[in-house]
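Survey of secondary and tertiary structure
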Amino acid sequence: MARRIDVTGADGVRLAAWEFGDPAKAGPDPGETAVPDAPGVLLLHGLMGRASHWASTARRLSARHRAVALDQRGHGRSEKPPEGAFTRDAYVDDVEAALEQLGLGPAVLVGHAMGALTAWQLAAKRPDLVRGLVICDMRASALGGASQREWAEWFASWPVPFATLADVRKWFGEDDPWVERPNPARGEFYAEVMAESPDGWRPVFDPDQMLRSRETWVYDAHWEELAQVRCPALVVRGLDGELGRAEAQEMVRVLPRGQYAEVADAGHLVHYDQPEAWLAAIEPFLDSLDGE
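What about the confidence of the model for the chain?
- Per-residue pLDDT for the chain has a mean of 94; in total, 95% of the residues score no lower than 70.
- Predicted confidence is poor over residues 23-28, with pLDDT under 50, and the contacts of this stretch with residues over four places away or in other chains come to 16 contacts.

A look at the pattern of salt bridges
- In total, this model carries 23 salt bridges according to the counting rule given.
- Where Glu188 meets Arg169, a salt bridge forms, and the shortest distance between an N and an O atom there is 2.9 Å. With Glu188 in helix H6 (residues 184-191) and Arg169 in helix H5 (residues 165-175), this pair connects stretches of sequence that are 19 residues apart.
- A residue is classified by how much of its surface remains accessible, and Glu188, at 37% relative accessible area, is partly exposed.
- According to the relative accessible area criterion, Arg169 is partly exposed, its value standing at 34%.
- Put simply, Asp176 and Arg186 hold a salt bridge, and the shortest N to O gap is 3.0 Å. With a gap of 10 residues between them, Asp176 in the loop between H5 and H6 and Arg186 in helix H6 connect regions that are remote in the sequence. Comparing Asp176 with Arg186 shows no difference in burial state: the two are buried.
- Several salt bridges converge on common partners, so that one network encompasses Asp93, Glu96, Glu100, Lys125, Arg126 and Asp128.

Focus: the packing of aromatic side chains
- All chains considered together, the criterion is met by 18 aromatic pairs.
- Ring plane angle 80° and centroid distance 6.2 Å describe the contact between Trp158 and Tyr190, whose orientation is recorded as edge-to-face. Linking Trp158 in the loop between helix H4 (145-157) and H5 with Tyr190 in helix H6, this pair joins segments that are 32 residues apart in sequence.
- Of the residues examined, Trp158 reaches a relative accessible area of 6% and is grouped as buried.
- The buried category is assigned to Tyr190, whose relative accessible area is 6%.
- Ring centres of Phe162 and Phe172 lie 5.7 Å apart, and the angle between their planes is 45°; this geometry places the pair in the tilted category. Of this pair, Phe162 sits in the loop between H4 and H5 while Phe172 sits in helix H5, and the two are 10 residues apart along the sequence.
- Using a relative accessible area of 3% as the deciding quantity, one classes Phe162 as buried.
- Ring-pair connections join several aromatic residues into one group, and the members of that group are Trp151, Trp154, Phe155, Trp158, Phe162, Trp171, Phe172, Trp178, Phe189, Tyr190, Phe205 and Tyr272.

Rules and cut-offs
- Residues numbered from 1 in each chain as written.
- Predicted model: local features only at pLDDT ≥ 70, side-chain atom pairs only at ≥ 80, totals over all residues.
- Heavy atoms only, no water.
- pLDDT = per-residue confidence, 0-100.
- Contact = heavy atoms within 4.5 Å.
- Salt bridge = Lys/Arg side-chain N within 4 Å of Asp/Glu carboxyl O.
- Helix = DSSP H or I, 4+ residues; strand = E, 2+ residues; numbered from the N terminus.
- Buried < 20%, exposed > 50% of the residue type's maximum accessible area, 1.4 Å probe, protein only.
- Phe/Tyr/Trp six-rings, centres within 6.5 Å; stacked < 30°, edge-to-face > 60°.

Shown next, in the form of structure tokens:
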């Protein structure tokens, strides 16, 4: 089960956090837990994602940790202010505020894609709040303007509204031109970020806000911030993901306390494509942190 805890992010944006596990373990108030010494883990989804994408991971981790997943600004059930800031600073400040309000720090941050970048930027800024990092399939190099244009064209190609969730699953799992081969897990991933409207199924996020979020990192490299991370950090890539092996291993080299893990038969959505292999990759790392 998961219980919702609202927190306030930067510039007053309301954020929805979800604590997973047996409700008997959780106290009635935000930040209160019946296992006070349980180490905190905060899970951060990628662009377009939502906290529920971490459900299986969070439930598994909740046996030994206080596992919380955050709907970041513009995503899931968190606020999507039309004129709100979608800068790197805003995302990082939101996570900083969430950790402090939830009483999770120093916590392990588990981030996928954009969430991983936010995690290591916060670890560089506030080492007192972060005791470990899991960086899942996020590049430190600049992606460039061509990448941003491709994403804008991709959003424009979506056949929205979708008539049914089955149509969502089929398009993202099979028909999307970005899909090289059928991928049911990808279809399920996108089905989770759709909501029913009077004319069909549409994303719960605003694609323009997603592009605004993305343009704040694609033009820059992020090696310097990576080098400033002092806590142990695990870089995880799917064998067929967006983060290449050479770049992942260079990230491990740049990180002062970096480690590397690779998940076979997984693409960019590592934790969705191969959930058991994903957990097998991260759990020994988390166990090593708990023993420190």
